[in-house]
Amino acid sequence: MRTAKIPQSAIDNLFVSSNLIKLFEMYEKYGFEIRIIGGAVRDLLLKGQARDIDLATDATPTESLYLLNEEEDDLEIVGSWGIRHGTVVAAFTDEEQYEITSLDFSISVQNGKIIISQKPNWEDDAKRRDFTVNAMSMDKHGKVFDYINGIEDLKNEEVKFIGDYKEVIQDSPIVIFRFFKLLGKFKNPKYDKNIIPYIKENVSLIKSIKDETIKWFIVNTKNQPYGMNAIKLMEEAGIYVQDFVESKSILGLYLQRAFVGD
């Protein structure tokens, strides 16, 4: 495992909210570990700041619900739609909300019974994520935990799938849009050049994704530092942006980001 340290100035800016500090204290009080996860860590390393902050913990969703309700009267638990992913949403205000996901949590129905399992392990969780640069986690002191070389890939502007990209895309087509969004962050991104033709051959997979979700990703991709380069690659892969953005307004899509990923 590799580690890195986020500069203290960036940590101070990140924890400017007393509510975020409070969340860490709540979990630690009950002996749980909680970390900032994914895109926020990537963006802190890349540009020293992060907009969206998602959290992961070794607590179960039930334990999260208990301690959040027990410890904070001014906090509302919302987002029950995420429970199948082990995610609860802690809302202090409409503008300040945090997704908190339990590590390696799964819930399924087998033979008419609800089956729940959880085997929390930070390294295993990292290996189940989509891209190496999205698989890092960070504690409240700014220590970054990197289990699959994400730090080095970020330095080299490499966008690498975790595992076989064909299998990942087939299993979860939404990762196609996460891929293009990541490409838009880098001036000269490096990636397997076979990916674009593969997406074009399998572009019908995106029919399973809601138009609103696709629009959200298109807007976010355009807003990346090199977003228009990524949009050109998207269209090269047979995804024509105008097909999605002309029909409806995109107003409010940022409020509909639930579990589409970063």
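Because the structure is a prediction, the values reported are computed rather than measured.

Draft legend 1. Examining the overall build of the chain more closely. Summing up its helical and strand segments, the chain has twelve helices and ten strands in all. The globule rule puts the C-alpha radius of gyration for 262 residues at 18 Å, and the 19 Å found for the chain is close to it. Dimensions of the chain, computed from the C-alpha atoms along their principal axes, are close to 50 × 50 × 35 Å. Relative to its 262 residues, the chain shows a buried fraction of 50%. The contacts in the chain between residues at least 6 apart in sequence include a share of 64% that link residues at least 24 apart. Distance from the positive charge centre (33 side chains) to the negative charge centre (42 side chains) of the chain: 5 Å.

Draft legend 2. Geometry of the side chain of Thr132. With respect to the secondary-structure elements, Thr132 resides in the loop between helix 5 (122–127) and strand 9 (137–138). Classification of Thr132 as buried rests on a relative accessible area of 7%. The residues touching Thr132, leaving out its near neighbours within four places in the chain, are Ile148, Gly150, Asp153, Lys160 and Ile162.

Draft legend 3. How the structure looks around the packing of helix 8 (residues 175–183) against helix 10 (residues 211–222). Where helix 8 contacts helix 10, the two axes come as close as 9 Å, and the packing angle between them is 10°. The orientation of helix 8 with respect to helix 10, classified from their angle, is roughly parallel. The segment helix 8 lies against helix 10, with Phe177, Arg178, Phe180 and Lys181 engaging Ile214, Phe217, Asn220 and Thr221. Across the contact of helix 8 with helix 10, the residue classes break down as four nonpolar, two polar and two charged.

Draft legend 4. Highlighting the packing of aromatic side chains. For the structure on display, the rule yields twelve aromatic pairs. Relative to Tyr66, the ring of Tyr30 has its centre 6.3 Å away and its plane inclined at 90°; by these criteria the two rings are edge-to-face. Of this pair, Tyr30 sits in the loop between helix 2 (18–29) and strand 2 (34–37) while Tyr66 is found in helix 4 (residues 61–71), placing the two residues 36 residues apart along the sequence. The class for Tyr66 is partly exposed, based on a relative accessible area of 48%. Aromatic rings pair up to connect Phe131, Phe161, Tyr165, Phe179, Phe180, Tyr191 and Tyr198 into one cluster. Against the face of Trp122 rests Arg35, its NZ or CZ located 4.1 Å from the ring centre.

Draft legend 5. Here's a closer look at the environment of Asp139. Position of Asp139 among the secondary structure elements: in the loop between strand 9 and strand 10 (143–146). On the basis of relative accessible area, Asp139 is assigned to the buried category, the value being 16%. As for Asp139 and Asn220, which are separated by 81 residues in sequence, their C-alpha atoms are 27 Å apart. Setting aside chain neighbours within four positions, we find Asp139 in contact with Arg35 and Phe145. Of the polar contacts made by the side chain of Asp139, one reaches the backbone nitrogen of Lys143; its length is 2.9 Å.

Conventions and cut-offs
- Residues numbered from 1 in each chain as written.
- Predicted model: local features only at pLDDT ≥ 70, side-chain atom pairs only at ≥ 80, totals over all residues.
- Heavy atoms only, no water.
- Helix = DSSP H or I, 4+ residues; strand = E, 2+ residues; numbered from the N terminus.
- Rg over C-alpha atoms; globule rule 2.2 N^0.38 Å.
- Buried < 20%, exposed > 50% of the residue type's maximum accessible area, 1.4 Å probe, protein only.
- Contact = heavy atoms within 4.5 Å.
- Lys, Arg positive; Asp, Glu negative; His and termini not counted.
- Charge placed at Lys NZ, Arg CZ, Asp CG, Glu CD.
- Axes fitted to C-alpha atoms, helices over the stretch in contact; angles between N-to-C directions.
- Parallel < 35°, antiparallel > 145°, perpendicular 65-115°, else oblique.
- Nonpolar A, V, L, I, M, F, W, Y, C, P; charged D, E, K, R; others polar.
- Phe/Tyr/Trp six-rings, centres within 6.5 Å; stacked < 30°, edge-to-face > 60°.
- Lys NZ or Arg CZ within 6 Å of the ring centre and 35° of its normal.
- Polar contact = N/O pair within 3.5 Å; in protein donor to acceptor, adjacent residues only side chain to side chain.

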